[in-house]
Amino acid sequence: MAEASSAKARPGSGSPWVGQSIARVEDAALLSGRGRFIDDIGVGPGTLHAAFLRSPHAHADIISIDVSQAMRSRGVVAVLHGEDIRAMTSSLVVGVKAPVECWPMAVGRVRYVGEPVAIVVASDRYRAEDAVDLIDVRYAVRPAVVDLRAALTAEAPVLHDGFGGNVASDRSFRYGDPDGAFASAPHRISIDVSYPRNSCTPIETYGVVADYNAGEDAYDVLANFQGPFSIHAVLSRALKVPGNRLRLRTPPDSGGSFGVKQGVFPYIVLIAAAARATGRPVKWIEDRLEHLTASVSATNRAVSLAAAVAEDGRILALDWDQIEDCGAHLRAPEPATLYRMHGNLTGAYDIRHLKVRNRVVVTNKTPTGLNRGFGGPQVYFALERLVQRIGVELNIDPLDVITRNLVPADAFPYKTASGALLDSGNYQEAVRRGAREGALAELKARRDAVRAEGRLYGIGYAAVVEPSVSNMGYITTVLTPAERRKAGPKNGAQATATIAIDPVGSVSVHVASVPQGQGHRTVLSQVVADVFGLKPSDIRVNTEIDTVKDAWSIASGNYASRFAPAVAGTAKLAADRIAARLRRVAASQLNTEVDDIVFVNGHVGSRRNPDNKISFSRIAALSHWSPAVLPDGIAHTIRETVFWTPPELTAPDEGDHINSSLCHGFIFDLCGVEIDRTTLQTRVDRYVTMHDCGTILHPAMVDGQVRGGFAQALGAALYEEYAYAEDGSFLTGTLADYLLPTTAEVPSPIILHMETPSPFTPLGSKGVGEGNCMSTPVCIANAVADAVGAKDIVLPLVPAKLAAIVRGAEPAPPARQNSPMQEKRDGDRKLRGEGEAVVSAGAQQVWDMLLDPNTLAGVIPGCHRVERISDTHFRADVTLGIGPVKGRYRAEVKLSDLDPAKAVTLAGSADGALGFGRGEGRITLRPAPNGGTVIHYIYEAGIGGKVASIGGRLLDGAAKVIIGQFFAALARTAGGGSFASERLSWIARLRQWFGGQR
Amino acid sequence: MKPAAFDYVRAEHLDEVLDTLNREGGDARVIAGGQSLMPMLNMRLARPTTLIDIMRLPQLAHIERNGDNVIIGAAVRQSTLLAWPELAETLPLVARALPWTGHVQTRSRGTVCGSVAHADPSAELPLVLCALGGEVHLRSRRKRRRVPANDFFTGMMVTTRADDELIEAISLPTNRNACAFREVARRHGDFAIVACAAVATKGGVCLAIGGVGDTPVTREFPRLASGALDDALNTFAYELDARDDVHASARYRRDLVRLLGAELIREVLS
Amino acid sequence: MTRLAANQRHAVHLTLNGKPCSGEAEPRMLLTDFLRHEIGATGTHVGCEHGVCGACTIEIVGNLARACLTLAVQADGCDVRTIEGLAPAPDRLGALQAAFKRNHALQCGFCTAGILMSLDHFLRENPRPSEQEVRDLLTGHLCRCTGYAPIVRAAMEAAAEMADRPAKEKSDA
Ligand code: FES
Ligand code: FES
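Residues numbered from 1 in each chain as written. Chains lettered and ligands numbered in written order. Predicted model: local features only at pLDDT ≥ 70, side-chain atom pairs only at ≥ 80, totals over all residues. Heavy atoms only, no water.

Caption draft 1: Expanded view of the sheet that holds strand E5 (residues 69-73) of chain B. Residue and element names in this part refer to chain B. Strand order in the open sheet formed by five strands is E4-E5-E10-E6-E7, with antiparallel pairing between adjacent strands. Edge positions in the sheet fall to strand E4 (63-66) and strand E7 (144-148), since each has one partner strand and no second. Neighbour to neighbour, the strand axes of the sheet diverge by 25° on average, direction disregarded. With five bridges joining them, E5 and strand E10 (residues 166-173) adopt antiparallel strand pairing. Note on E10: the bridge partner recorded for Asn69 is Pro173. Relative to the sheet, helix H1 (residues 14-24) contacts strand E6 (135-139) and E10, its axis offset from that of E10 by approximately 115°. (Pairing = 2+ DSSP bridges. Helix = DSSP H or I, 4+ residues; strand = E, 2+ residues; numbered from the N terminus. Axes fitted to C-alpha atoms, helices over the stretch in contact; angles between N-to-C directions. Contact = heavy atoms within 4.5 Å.)

Shown next, in the form of structure tokens:
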């Protein structure tokens, strides 16, 4: 069924398969439930299952870990924590030169919420999770730093002693004469922007199955890792074996990655160590909560960018100041996100003078890693917002600012100020066609008409260069030239492909590309079929990797949009080599010259005499059956492996110029958005995206890459953020909080193409997978800026953020009401409350109750027992909950600032499997006018851990209810009425509370 | 992300449910469609020791008209109610609000009463129950009682249901008055940031707001001139004690109460 | 009354894609785990285990259901349909599946099983849906690869094709 339609689609036998949208070979199995994803593949008998205990705190010292109860739990085979892992492995390498360790599991200290603290290995996942709940960890909480600018300050808590403060790297660069340009330019226009944390979150999560062979000291690991395989070196080092004793394999299918599955590698170390410790194979499939909280994310970045601008909008120089937030650890290959675009800091523009300061900081958030767009979204958000601002401030149409600055069409290959070699393109033509075919004039008319009705409508643009095929040496730009000299040059991007012919002459292809849905097998079958004159269905392609048996190198894997330009091209080179030899074999068999041989329709034959031909399989199989008949100089035609690395990818030079990527596609986007006056939701009315990705191998797949990237970018622009509270609590731990766009949110973009082949790749193709992740967020932001006339646009464009911009100040509260709570700072999730009650007991009596463990046991909600540590320090076991949400906690209550019978400060904490709570309240007692006592309280409380990341929406209410329960019980015990607070609804709620169930 | 262990009771008679609840109280949970409870079990937010499955009790699976009331049994799925031929005519507000509850794929399992039992302040069903002045029918081994919706919801996921009580049904008074429903969520099918229901009454409009306070909140608005209505809505908006979260600010929620409230009241009165 | 004790495995019998099948499950075992790891029907995928992504969508007694929000013991005695039952024969695709293939409506294919189950159920009940109705149905699924447009296109194509065909063939899809 696979090839029926594709065979029909072929217009004539002369035209190549490449360039046609043939049906995918991958689809039949995937459409009928027969895919082979990692969790679909059977494991060996006796395989154990792992689950992780993760940190509820953003920053804390681990005081003790008690695993004894967990070890006794049913089905448990082992419980390992940081010290165990440290004893079996060595630290992961860190991307900069600094005396800092990076363990895949917390050792002594946790630095982000979700950091692995212990691993349970048990007979099944359910039992493993049971035991996780029984591990008893005591933490001493440290202050956390979440904001990247705050991390730079002198007061900030320091995460790693080996970095200066929290700065892992601080480098400055200068290309041309930026200071001169700024001094003489008539305008200096600047912008300060922040790019949020987000992730392209594949629907399939991480998975690892590991086994250890003690007799040979060798690991065998199956993981849905995606590359780059430079990480293999990191892994074998961490596992303390030579590379040839770490066999790393990938499953046939992978449920999306978008860079993210690079981040599985620390878990490979942990699961491999667990297999070693237990002597059994161990399997771990990450769950969605783990994935959102702790897998990996893109970097968030703060950028100050200034341009020296001429009167006509020409940009003469740029001054970048970038602060990159890599989270709690600088894990390989970071800080690559910051340097991936280093050659492209001038975007699509001809700007000769450039100044850059790059700082990398660590904060108490999940470590970062690969993510579609990788550095591009962050750079273009600043650059293209600046271009829009130049238009606004100089009163020039922003599109004119773009066109006046584009690299001229006759300048290719064009060397950018910081060293990238832009291979080919015609940017002016692409913009012209994008505007024309995207009906920009009509869109502008629409904007005018809609605005005339009082509606909010804006148009945005973005012009970006999309780099692909990363130079493995670009990351060394983070080192100084002197450090690089010492370390030795790094460069290149080895791609590999193997073509093999079996004894019946059928053709197999193997590449180390590890696709996650991009249809590599189909495209390679087209490329190779064209070389041999066969049908794609004649070619079998394998894209799995097995580091023991396959050809691979550090650049192997699926990232940096390298498939079409590098991998497919290398497969062609390998096929060409075999074809050249087969040509000689055929020439001798058919008695003609080599030049006369053609491969057509399953035959090898003479061009001049079409009747003189022989079947391909016959010629191809000869090398197996009768090597003696091969012409002299042809050893065999059985197998050919080609390694290809482009010569253009050189190491950074002494002046820090770096050709960070091999190919550069071009994208011009324009869009119209409308912002609803009531909901403030941004709706993309029309989106046009013009691509030049060189030669197109499979139009439908290119289309698929554009649409998929666009949908993710729309998510980044409008919905998605890995949000943290000020204390480092993670707030978006479910897919009901981290919002991926659905069919209702994603419009269908108008996709346009130009094809300017790359002179540097075998097939002329360039990468296309990441471009819209770079262009779309800022294009939408520019349109919103145009619609509301604002300078500061913060992604994601949560409607609430536009309230003040669009509506100005909020209507004042009615006079008789208290003013609303003072505006909270962003990320401040503290709960505050206040109330009082009149009770019949006297002040001394109430006072005695507060200091008595037995009374406390009666008033602390859900209290099982109170232990008195000192006169002012109590410990309790409590079950807390609201509705069905219940958990057991260890609570501590400390009294301080005692003013007997008058006032006391009560500090409480609760720690349990669902998270923790901390609060402090001041209770004051004063005689009531008609006898008895007035108890007044005021408190501040915070909640974190698992419950904050998955139940954030319900949390505040829950905490208030529980605190209310405490005071209500206190009042009741003291013979009193209910508490009354200033807030009406709060009274009502308390009244219902008493009137109701308890 | 797997549930903690529990016993599973597949009830074949109502008595079995009531007996089990009577014996095990708060440690037992009733499961119907499971669309609210199962995520909490998977995340181990809830750890009941017994689950009582009521979906094989045919007597709970009825929608009945009883005089001016529509009674919806505990095992009636949301999709069943949505497909009930008399819905648009007897309960136009429900017909408007129910499509906003979750997605086709969750409404086909989730029950009407399950959503009421869960008492999520952003959910649509508790909101329309309050807006229409419906009742919750509770039953334990000892007694049966009916609680007016506005007394039933007491806080975030907290209700006046006692631990030994089963929500046997809810009843909604048929109401053919003019009504309107609007909801703003980040995405289609998400929990409401603000959900707003309005029903014409003798003196004006009953407006119910979900997603802002800890429970749905209803308020009668007499016919007012637009300036006075704006003031009244502003007061109402501030009284709801809105909070900030990652999806919306308190101010944005108040804005929506003011704007949607005015829109819906106008729509219902016109 | 049936009471199944915690921490013990109990027999679960169901009809899967028209064939009887059985296995064992503790009361807490999710139907996803039961189908995938007890029965070996791994076509139903797991993306979130909290009911949002839709990857695990199947049909239970003719109703769409999130298998991750269903216990295996709840499905005891029920008719269950999964992706494995969708193709008319192992080497042939149904109309809906074929439309997905033609329109490149899948990339990694991880979300696909759930989406096909929803659409299959929906198109049987709504043979001539509008694009808006299809989009509304699909809001119950997350796909990270395709940007949805090809999925919607495939669904509309399949709907048109199935509606135009004689009733007998429809069962193929
Ligand atoms: S796995 Fe069931 S909805 Fe995501
Ligand atoms: S095809 Fe990959 S998630 Fe939908």
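Structure's up, so let's keep going.
Caption draft 2: The arrangement of the packing of helix H12 (residues 376-394) of chain A against helix H21 (residues 771-788) of chain A in detail. Residues and elements named next belong to chain A. Look at H12 against H21: their axes get within 8 Å of each other, and the N-to-C directions meet at 35°. You can see that H12 and H21 cross each other, and the crossing is right-handed. Along its contact with H12, which presents Gly376, Pro377, Tyr380, Phe381, Glu384, Arg385 and Gln388, the element H21 presents Cys773, Met774, Val778, Ala781, Asn782, Ala785 and Asp786. Of the residues in the contact of H12 with H21, the class split is eight nonpolar, three polar and three charged. (Left-handed = near helix turned anticlockwise from the far one by under 90°. Nonpolar A, V, L, I, M, F, W, Y, C, P; charged D, E, K, R; others polar.)

Caption draft 3: Broad picture of the pattern of salt bridges. Enumeration according to the criterion identifies 99 salt bridges over all chains in this entry. Measuring nitrogen to oxygen at the nearest pair gives 2.9 Å for the salt bridge that ties Arg54 of chain A to Glu290 of chain A. One end of the pair, Arg54 of chain A, is in strand E1 (residues 48-54); the other, Glu290 of chain A, is in helix H10 (residues 288-294), with 236 residues separating them in the sequence. Judged by its relative accessible area of 15%, Arg54 of chain A is buried. For Glu290 of chain A, a relative accessible area of 7% gives the class buried. With its nearest N and O atoms 2.6 Å apart, the salt bridge here joins Glu654 of chain A to Arg485 of chain A. Here Glu654 of chain A is found in the loop between strand E25 (639-644) and strand E26 (661-675), whereas its partner Arg485 of chain A is found in helix H16 (residues 481-487), with 169 residues between them in sequence. Linked by salt bridges that have partners in common, Arg54, Arg125, Arg127, Glu129, Asp130, Asp133, Asp287 and Glu290 of chain A, Arg44 and Arg47 of chain B together with Glu26 and Arg28 of chain C make up one network. (Salt bridge = Lys/Arg side-chain N within 4 Å of Asp/Glu carboxyl O. Buried < 20%, exposed > 50% of the residue type's maximum accessible area, 1.4 Å probe, protein only.)

Caption draft 4: A look at the pairing of E10 of chain B. All names here are of chain B. For E10, the buried fraction is high: seven of the eight residues fall into the buried class. The pairing of E6 with E10 spans five bridges and is antiparallel. Looking at E10, one finds that Leu138 is bridged to Ile167.

Caption draft 5: Spatial organisation of the environment of Tyr687 of chain A. All names here are of chain A. Within the secondary structure, Tyr687 is located in strand E27 (residues 682-692). Considered as a pair, Tyr687 and Ala876 are 189 residues apart in the sequence and their alpha carbons are 59 Å apart. If sequence neighbours within four positions are ignored, Tyr687 has contacts with Asp669, Leu670, Cys671, Phe710, Pro749, Ile750, Asn772, Ser775, Thr776, Cys779 and Ile780. Looking at Tyr687, its side chain comes within polar contact range of the side chain of Asp669, at 2.6 Å. (Polar contact = N/O pair within 3.5 Å; in protein donor to acceptor, adjacent residues only side chain to side chain.)

That is the geometry; function is a separate question.
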